[in-house]
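# Examination of the molecular architecture
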Amino acid sequence: MGLVAACGWSLVRSLLAVAAGLPICLWLVRRLPLLPASMRKFAWVLLAAPLLFPPLLSGYAYSSAGLQLAEAVSHVRLPAATELSRWVAERHAAVDEVLLCLLLVARAVPVGTLVLTYAPAPPVSREALHCRQLALEMTPQRRQRWFALLPFMWHGRWRNAIAAAGLMFLWSFHEFELASLLGRPAWTVWLFDAQAGKLLLSAGGWATWLPAICQALVVVPLWLGFGRSLGGAPEGPPTEHIPLPKLWRDACYLMAAAALSCGLPLALIGREALRGAAQLAADRTQLAWFMRETFSGCLLALIAAATTLVASARLVKTQAGRGILLVVSMPGLFGPLLLGLSLVKVLQYAWLNPLYRTPWSFIFALCLLLLPRAALLQFVLQAIRPQTGVYLGDLLATASDRTRRSAARELRWNLGGAAQFWSLGLLTWWGYLELTIASLLGPATMVSIPVLLYNQMHFGKYAVVSAMTCLTVIAPAVLFVLAAAGRHVLFRWLWR
Amino acid sequence: MAGRNKGPVSLGLLALLLGAIAVVSWTFRQRDDALVVYCAHDAVFSDDVLRAFEQQTGIRVTPRYDTEATKSLGLVGLLQEEKDHPRCDVFWNNELLGTVDLAKEGLLQPYRGPGFARIPERFKDADGHWAGFAARLRVFIVNTERMAPDAALIEQRLENGDLSRAAIAKPLFGTTLTHYTLLRHFWGDEKLRAWHAGTRQRGLQEVAGNSATKDLVAAGACDFAFTDTDDYFVAKDAGKPVEIVPARVTGKTICIPNSVAIIRGTKKIDAAQKLVDFLLSEETELRLAQSAARQVPLGSIDESRLPAEVRPLAAWGREGADLRGLLVDRLAVIDWLKSESR
């Protein structure tokens, strides 16, 4: 299969993910704010779970899913089980494709919902749109009425939905690990393999640019159309009343998506991972080596995450800064593969070559990749930050009394510090698990654990690989939980 | 007053960042002592060997593996790309011809140590640029619930039968590339291209790697497939109904050794030589024969220590075609397949 066909598969799959996911996002945005506060938090956790769960782990758990299903069916004690098993085995590719599409929808929905919830309110409010609709009722022709309403819809209700759809498309179109481990065609898999196989990419002619063109068609209008309005206040929550039983029905989607993306993959490899953990623990040398490489990976990702978070926090405050942030975020919007390949090309220049495959080129690439995500997080943090409370906390921090200063520190942690800290954790997590950049630009003297695992995952499921995958995912999370728990000691001097 | 305290964007965080940068610089300077090994052999099997070397010698190894889908070609290409600034010290290839190609380009440093001496002439370079060890065979893996493991039946299907229930890995990479190279050598370019086109027309499934072809047969989605002996043993150990038939080209089997070479320009020549000796030793060949991959030892070895399943493979291996003179065919096959894959 050539690049054009692989790109076609990705395009259709991403469009399907947007078509199926956007209505769910619009529906969740209306429902989530109406939940009781305690349930709302839980609902957001469920919603975010598919987005945060590493695709490397789900891809590994679901690899050869069609064939696994066929085998599972063959064990069912039914007269037609053997025939059914054969039927499924022969259609294993279709099973894998359906599964991939479902996983993409589950991963795109949190992105869309986040954008719709925290994007700045459109210039035409719901009320203004309603008034316009009322005014147009006098217009006799339906078609005429529709055309008159169109610009208002465009600058009103549709604007944020288009932005959400654009980002959902990009998120799905960049997908690499899931497609690769499920054995489905995608432009990312084709290009990654071509790069790894040292095929002459430039000889592919215009087709090599096809994925970039597809993304540019989304990135550029998004950037031009929505960039200027970033930083504005989001729209208030809807006020309609929805009965509780309906809300419970809505929760079913969240639970199903979380189960498919996180619960089931964990269950599928959990038992093997436990067995492998015992083997890993018995081999002290391997465990020590694994922990050392994990720590190195975390450290590099942490530096990139902290740099992007500090930079985006600075830039997001002013109009000019937001402009700069948008410009520097653009390369990251093209995804890790195109970004990595471009940097590899740039680093071949003689005067830049000494940086190639050093920690610094790797960190730089991670920074560029994480910047749009950091920017999105900053806009969300800005939207939810209680400005008055923060100001009062700042005032209290200048008190001469030590107890009050300590209380101010706690207050400021609760009002903004915690959110920034977990944003740092999230960015570190994304950077640490980034497979493509690590493969293309990872330091020559470092074994990137995600790359190592990705290579091993293609040989089937092994207990030690399962255990290492789980540890890889858990290690940075544990580090951040420990740091948060010990914040009184660790961060006292940061917020003094 | 309050504006002075800007939360996380503080001197403290900057100090933390600078501290982390210092730690990274220090850590990576320490790592410069490690031996960088580019390894095209499956990580699940080679990792144990490299760890054993670390334990035995105290020399730290940083392996860089190839992906399953782009086996060996990726690392050969990377070494060619890095020829002016080599980052790799030792290349452990999972086949022979890519290494022969590197030797021809002058990228390899000759070394004839004690390990080199025990490998038969057919599997090493006379000038000592590379040496082969621990081979596997190209085979047809057959699902015994679907068809009998009979070479004649498979040949018949490949010649003019329906191949919609048969599979092969992408021929541009790994051992399938060696297989195609050998076919070109014995058949010629025209016949190979006609065979390639004909098998695809009759439905032969092309998948990412040999482990994927094995999975299809093991699950019953295909009746038979081209694969390697190490992949077959993974399915066999998992209790799948599979058997093998050796793939032959004009009567000869395809026995593909791993190969090892030192990269010219390495600054860690002593450590690199130690690793080459270790890989070419009887101990490593036995370890790989006793591993899940059941690789066939090439050097002299105490046969009583070989697992029972490896002994027939060793006999097939002795019937193998000589792969050393196939570089021209390999390059022609790569050129042709690269143009096909666009």
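Residues numbered from 1 in each chain as written. Chains lettered and ligands numbered in written order. Predicted model: local features only at pLDDT ≥ 70, side-chain atom pairs only at ≥ 80, totals over all residues. Heavy atoms only, no water.

## Examining the overall build of chain B
When you go through chain B residue by residue, the secondary structure sums to 14 helices and 12 strands. Expressed along its principal axes, the backbone C-alpha trace of chain B runs to roughly 85 × 55 × 40 Å. Long-range pairs, those at least 24 residues apart, make up 74% of the contacts in chain B between residues at least 6 apart in sequence. Only carbon and sulfur atoms are counted for the fraction: they give 51% of the accessible area of chain B, which is about 12900 Å². In chain B, 44 positive and 46 negative side-chain charges are present, and the distance between their average locations comes to 4 Å. (Helix = DSSP H or I, 4+ residues; strand = E, 2+ residues; numbered from the N terminus. Contact = heavy atoms within 4.5 Å. Areas by Shrake-Rupley, 256 points an atom, 1.4 Å probe, with all protein chains shown as cover. Lys, Arg positive; Asp, Glu negative; His and termini not counted. Charge placed at Lys NZ, Arg CZ, Asp CG, Glu CD.)

## Description of unusual backbone geometry
Residue and element names in this part refer to chain B. Within the chain, alanine 134 stands out as a residue other than glycine whose phi angle is a positive 35 degrees. Within the element layout of this structure, alanine 134 appears in strand E5 (residues 131-143). Classification of alanine 134 as buried rests on a relative accessible area of 0%. (Buried < 20%, exposed > 50% of the residue type's maximum accessible area, 1.4 Å probe, protein only.)

## A word on the confidence of the model for chain B
All names here are of chain B. In the predicted model, chain B carries a mean pLDDT of 88, and the fraction of residues at 70 or more is 93%. Residue range residues 1-5 is modelled with pLDDT below 50. Its contacts to residues more than four positions away, or to other chains, number 10 contacts. Here the predicted complex scores 0.80 on pTM and 0.73 on ipTM. (pLDDT = per-residue confidence, 0-100.)

## So, the environment of A:Glu272
Residues and elements named next belong to chain A. You can see glutamate 272 is positioned in helix H13 (residues 244-282). In this structure the C-alpha to C-alpha distance between glutamate 272 and valine 464, which are 192 residues apart in sequence, comes to 7.9 Å. In terms of polar contacts, glutamate 272 uses its side chain to reach the side chain of serine 466, at 3.2 Å. (Polar contact = N/O pair within 3.5 Å; in protein donor to acceptor, adjacent residues only side chain to side chain.)

## As for the packing of helix H2 (residues 43-57) of chain B against helix H11 (residues 269-279) of chain B
Residues and elements named next belong to chain B. Between H2 and H11, the shortest axis-to-axis distance is 11 Å and the interhelical angle comes to 125 degrees. By the angle class used here, H2 and H11 are oblique. The chirality of how H2 crosses H11 is right-handed. Contact residues: H2 offers Val49, Leu50, Ala52, Phe53 and Gln56, while H11 offers Ala271, Lys274, Leu275, Phe278 and Leu279. Grouping the amino acids of the contact of H2 with H11 by side-chain chemistry returns eight nonpolar, one polar and one charged. (Axes fitted to C-alpha atoms, helices over the stretch in contact; angles between N-to-C directions. Parallel < 35°, antiparallel > 145°, perpendicular 65-115°, else oblique. Left-handed = near helix turned anticlockwise from the far one by under 90°. Nonpolar A, V, L, I, M, F, W, Y, C, P; charged D, E, K, R; others polar.)

## So, the packing of aromatic side chains
Tallied over the entire structure, the rule returns 19 aromatic pairs over all chains. Ring centres of A:Phe421 and A:Trp422 lie 5.1 Å apart, and the angle between their planes is 80 degrees; on these two criteria the pair is classed as edge-to-face. Taking the centre distance of 6.1 Å and the plane angle of 75 degrees together, the rings of B:Phe140 and B:Phe224 count as edge-to-face. Of the two residues, B:Phe140 is situated in strand E5 and B:Phe224 in strand E8 (residues 224-228); the sequence distance between them amounts to 84 residues. By the burial criterion, B:Phe140 is buried, and B:Phe224 matches it. Pairwise contacts between aromatic rings join B:Phe140, B:Tyr180, B:Trp187, B:Trp195, B:Phe224, B:Phe226 and B:Trp336 into one cluster. Cation over ring: A:Arg184 sits above A:Trp9, and NZ or CZ is 5.1 Å from the ring centre. (Phe/Tyr/Trp six-rings, centres within 6.5 Å; stacked < 30°, edge-to-face > 60°. Lys NZ or Arg CZ within 6 Å of the ring centre and 35° of its normal.)

## Digging into the pattern of salt bridges
All names here are of chain B. Taken as a whole, this structure holds 26 salt bridges over all chains when the rule is applied. The partner of arginine 294 in a salt bridge is glutamate 309, and the shortest N-O contact between them spans 2.9 Å. Here arginine 294, found in the loop between helix H12 (282-290) and helix H13 (310-317), pairs with glutamate 309, found in the loop between H12 and H13; they are 15 residues apart in sequence, far enough to count as distant. Since its relative accessible area comes to 32%, glutamate 309 is described here as partly exposed. One connected set of salt bridges, linked through shared partners, spans Arg136, Arg138, Asp228 and Asp230. (Salt bridge = Lys/Arg side-chain N within 4 Å of Asp/Glu carboxyl O.)

## Comments concerning the environment of A:Ala17
Residue and element names in this part refer to chain A. Along the chain, alanine 17 turns up in helix H1 (residues 3-31). Alanine 17 sits 88 residues away from valine 105 along the chain, and the two C-alpha atoms are 4.8 Å apart. What alanine 17 contacts, discounting residues up to four positions off in sequence, is Leu22, Leu104, Val105, Met168 and Ser172.

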